[in-house]
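This is what each chain is made of:
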Amino acid sequence: MTGPTVSPDAERALVLVVERDPHVRDLERFFLNEAGFAVDFAEDGLSALETVQARKPAIIVTEIIVPKLDGLALCRKVKDDPALANTVVLVFSILAAQGRARDAGADAFLMKPLAERRLVETVKALLANRQSARSHPRKESSR
Amino acid sequence: MTGRTDHASERDSDAVDFPRISTGNREADMILHGGFPCNSINIVMGQPGTGKTIFAEQLLFHNAGKERPLVYLTTLSEPLSKVVSYAQRMSFFDVDAIGTSVIYEDLGSELAAEGIDAIVPRIVGIIKQLSPAIIVIDSFKAVHDLARSTQEMRRLVSELAGVLSAYDVTTFLLGEYTHDHIQTYPEFAVADSIVQLERDALGVRDERYFRVLKLRGSGYHEGQHAFRIEDNGLHIFPRLVTPSFRSYAPVLERTTSGIEGLDTLMGGGLWRGSTTLLVGPTGSGKSTMGLQFALEGRRYGAPALFVNFQENPSQVQRMVRALGVDPIQAASEGFHHLYTSPVELQIDSIIVDIFRHIEAKGVRRVVVDAVGDLVTAASNPRRLHDFMYSLVQHFVVRNVTSLLNFESINGITGSDDTQQRWSYMSDNVIILGRAETGGAERSLRVIKTRNSDHDPSAHRIEILGTGVRVL
């Protein structure tokens, strides 16, 4: 089991899971909590978008097949919105759609079923990359 | 990023490779085209004593020692202590793996106390606590006995399938199911594969069969595959099927029979890759001619396989010596002997054994002495015929020249379907019998040669110390 890396006293990074399957939700909550993350859920793409705007999660873990707004459309909307574009998006789906996820602007793709080590390590690595990018922003080249 | 499908490593294609879990049994993997799909729900069904538990345990111990543990759950059909006790007697059992890589647990007491509602929370708990890669539930059918209604069982199966599909775990549900249950029990609807183990009583022995009834998203080797249970698990004999002739290049060459005077009657010898049926009564010289044919291969450096079911290895050695050949030297020169007692004869296994010997030893000549023993042993003559037909076609593709001895007093008669079938699949048919002049004299007659002239008249033969000679 991957141990938590976030101190219990520190503010825990929020993961928004967009998922309809109650079994996947239950397991995602358990393993992400175990790894030290706070977890929120949305059952469809539209409510997920509202949550993103309201709660500014560090990362969205979304299935593609969700109602109202599919996971890829959600990803495009987040990445197209300058206020949200920094939000990391991990597409975690039953569909073999890594190419489509990349085209939608997702930061990473994982295929189901849920293997906690793969999921937790991917989430951690994505957040570490984001942290690193914030700490060492690239200078724009001048012409 | 090290995820298997992260962006850094992907290309334009969204195609994915769906991994499989090996059964730990080479032949079963071959039948399943590589094993069971990962993250699948699989049913292993069969009556008590058919080998379900051994099959599942062989699979578990083969996959043990990897990153995640494997869990074996017993329910109400057999106590956990008994399952573990018997598992220890199998050679694949690894005591060091118990409690770490392979975890045995009992579900029976919770089931008895709480009913079937205990299962899903327990499985979820096991997933959260142990992160298992494989879960075996033995017996899942026994759970039906605790369900108060069909609806309750359906709800359980639906919930369980949901949990097991959500997580990266491969599940095996073992049970004493019959074919009727396939239509009525809900677990069969959610199963990604169904493997059946059967056992048929045949006289004083049993014949066991391994059969895949369903394998979603994959081809598999259809039909019944015979197996035996041995100390190291299931020993399966995949059903022999007719080979592909796409890359077959016929060899138009004759080879000598090793029987003096016979080649002349058959247009100059046997075509390489041909099959000859040698028919005759007891004592007519069939076995001697078979040995002569097999031993003749030594002259060409052609390994030969003499398959028989009556004379034991010592007797065959004496027969070889009687022909003036040292059996030890003959063995070193490529003469191989495969003996199976007619009491233990199971046609599937013997035919697969023949095929394996041919492949392993590069055999060019085969004698089966006698196919009548196979016919007697076969519980299903049609199955035997299909197997032998496939075997003969493999001979053709490999240019293996074969001689099949067949015991019959009256030669080939049109009224005997079995004889007719053997005759049709053979390129040449030779009949041994009494000379037409009567008395003790023996005769030989070539009644059929495919793609060759032959002398159809009856010829006297002698059985001498050096073998059979056609006069």
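Turning our eyes to something else, we now look at the overall build of chain A. Of the regular secondary structure elements, chain A holds 5 helices and 5 strands. Of all 143 residues assigned to chain A, the portion counted as buried reaches 52%. Long-range contacts, defined here as pairs at least 24 residues apart, represent 62% of the contacts in chain A between residues at least 6 apart.

Next up on the list: the overall build of chain B. The helix and strand inventory of chain B stands at 17 helices and 22 strands. Each of the three principal axes of chain B carries a C-alpha extent, and together these read 85 × 55 × 40 Å. For chain B, buried positions account for 54% of its 471 residues. Considering only residue pairs separated by 6 or more positions, chain B has 71% of its internal contacts joining residues 24 or more positions apart. Between the centroid of the 46 positive side chains of chain B and the centroid of its 56 negative side chains there is a distance of 5 Å.

Residue and element names in this part refer to chain A. The parallel open sheet is built from 5 strands, whose spatial order is E2-E1-E3-E4-E5. Two strands close off the open sheet at either side, each with one partner strand: strand E2 (38-42) and strand E5 (108-111). Averaged over neighbouring strand pairs, the angle between their axes works out to 20° when direction is ignored. With 4 bridges joining them, strand E1 (residues 14-18) and strand E3 (residues 59-62) adopt parallel strand pairing. Within the sheet, the bridge partner assigned to Val 18 lies in E3 and is Thr 62. Here helix H1 (residues 22-34) sits on the sheet and contacts E1, E2, E3 and strand E4 (88-93); the angle it forms with E2, its principal contact strand, is near 160°. Helix-sheet contacts for helix H2 (residues 45-55) involve E1, E2 and E3, and the interaxial angle to E1 is about 170°.

Adjacent strands of a sheet form backbone hydrogen bonds with each other and so pair up, either parallel or antiparallel. Residue and element names in this part refer to chain B. Reading across the sheet, the 9 strands line up as E5-E4-E6-E7-E3-E8-E9-E10-E11 and stay open at both edges, with mixed pairing between neighbours. In the strand order of this sheet, the two ends are held by strand E5 (102-106) and strand E11 (233-237), each with one partner. Strand-to-strand twist across the sheet, computed as the mean angle between neighbouring axes with direction ignored, equals 25°. Sheet topology places strand E8 (residues 193-202) next to strand E9 (residues 205-215); 10 bridges connect them, and they run antiparallel. Looking at the pairing, Ala 201 lines up with Asp 206 of E9. The strands touched by helix H7 (residues 150-166) within the sheet are strand E3 (41-45), strand E6 (134-138) and strand E7 (170-175), with E3 carrying the most contacts at an inclination of about 120°.

Once that is clear, we can look at unusual backbone geometry. That bond from Lys 112 of chain A to Pro 113 of chain A is cis: its omega, 10°, falls within 30 degrees of zero. If you trace the backbone, Pro 113 of chain A turns up in the loop between E5 and helix H5 (116-135). Look at Lys 56 of chain A: it is not a glycine, yet its phi comes out positive at around 50°. Here Asn 451 of chain B, not a glycine, exhibits a phi torsion of approximately 60°, which is positive. Examined against the element boundaries, Asn 451 of chain B turns out to sit in the loop between strand E20 (442-449) and strand E21 (459-464).

Regarding helix H12 (residues 313-322) of chain B, its N-cap is Asn 312 of chain B, as a side-chain oxygen of that residue lies 3.1 Å from the backbone nitrogen of Ser 314 of chain B further along. Looking at the residues trailing H12 of chain B, positive phi occurs at Gly 324 of chain B, about 85°.

This part covers the pattern of salt bridges. Inspection of the entire model under this criterion finds 27 salt bridges over all chains. Arg 102 of chain A serves as the salt-bridge partner of Asp 103 of chain A, at 3.7 Å between the closest nitrogen and oxygen. Salt-bridge contacts for Glu 441 of chain B lead to Arg 460 of chain B; the nearest nitrogen and oxygen are separated by 3.6 Å. One end of the pair, Glu 441 of chain B, is in the loop between strand E19 (428-434) and E20; the other, Arg 460 of chain B, is in strand E21, with 19 residues separating them in the sequence. Residue classification places Glu 441 of chain B among the partly exposed positions, given a relative accessible area of 31%. In the salt-bridge network here, residues are joined through shared partners; they are Glu 19, Glu 63 and Lys 112 of chain A.

The next thing to look at is a nonpolar patch on the surface. Residue and element names in this part refer to chain A. Nonpolar side chains collect at one region of the surface, where Ile 65, Ile 94 and Leu 95 lie side by side and expose about 260 Å² of accessible area between them. Of note, Ile 65 is situated in the loop between E3 and helix H3 (71-80). Look at Ile 65 and you get exposed, because its relative accessible area is 52%.

Turning our eyes to something else, we now look at the nonpolar core. Among the nonpolar cores identified, the biggest contains 59 residues, and Leu 32, Ile 59, Val 61, Leu 90 and Val 123 of chain A together with Ile 123 and Phe 140 of chain B are the most heavily contacted of them. For this core, the element with the most residues is H7 of chain B, which contributes 8 residues. Non-local contacts of Leu 32 of chain A, meaning those with residues more than four positions away in its chain, are made with Val 15, Val 17, Phe 37, Val 39, Leu 119, Val 120 and Val 123 of chain A.

Below, the discussion takes up the environment of Leu 403 of chain B. Residues and elements named next belong to chain B. Of note, Leu 403 is situated in strand E18 (residues 401-407). Placed 36 residues apart in sequence, Leu 403 and Val 367 show a C-alpha to C-alpha distance of 4.7 Å. Every residue in contact with Leu 403, bar those within four places of it in the chain, is listed here: Thr 276, Leu 278, Met 289, Gly 290, Phe 293, Val 366, Val 367 and Val 368.

Analysis parameters
- Residues numbered from 1 in each chain as written.
- Chains lettered and ligands numbered in written order.
- Predicted model: local features only at pLDDT ≥ 70, side-chain atom pairs only at ≥ 80, totals over all residues.
- Heavy atoms only, no water.
- Helix = DSSP H or I, 4+ residues; strand = E, 2+ residues; numbered from the N terminus.
- Buried < 20%, exposed > 50% of the residue type's maximum accessible area, 1.4 Å probe, protein only.
- Contact = heavy atoms within 4.5 Å.
- Lys, Arg positive; Asp, Glu negative; His and termini not counted.
- Charge placed at Lys NZ, Arg CZ, Asp CG, Glu CD.
- Pairing = 2+ DSSP bridges.
- Axes fitted to C-alpha atoms, helices over the stretch in contact; angles between N-to-C directions.
- Polar contact = N/O pair within 3.5 Å; in protein donor to acceptor, adjacent residues only side chain to side chain.
- Salt bridge = Lys/Arg side-chain N within 4 Å of Asp/Glu carboxyl O.
- Patch = residues over 30% accessible without salt bridge, like charges linked within 9 Å, V, L, I, M, F, W, Y side chains within 5 Å.
- Areas by Shrake-Rupley, 256 points an atom, 1.4 Å probe, with all protein chains shown as cover.
- Core = buried A, V, L, I, M, F, W, Y, C linked by side-chain atoms within 4.5 Å.

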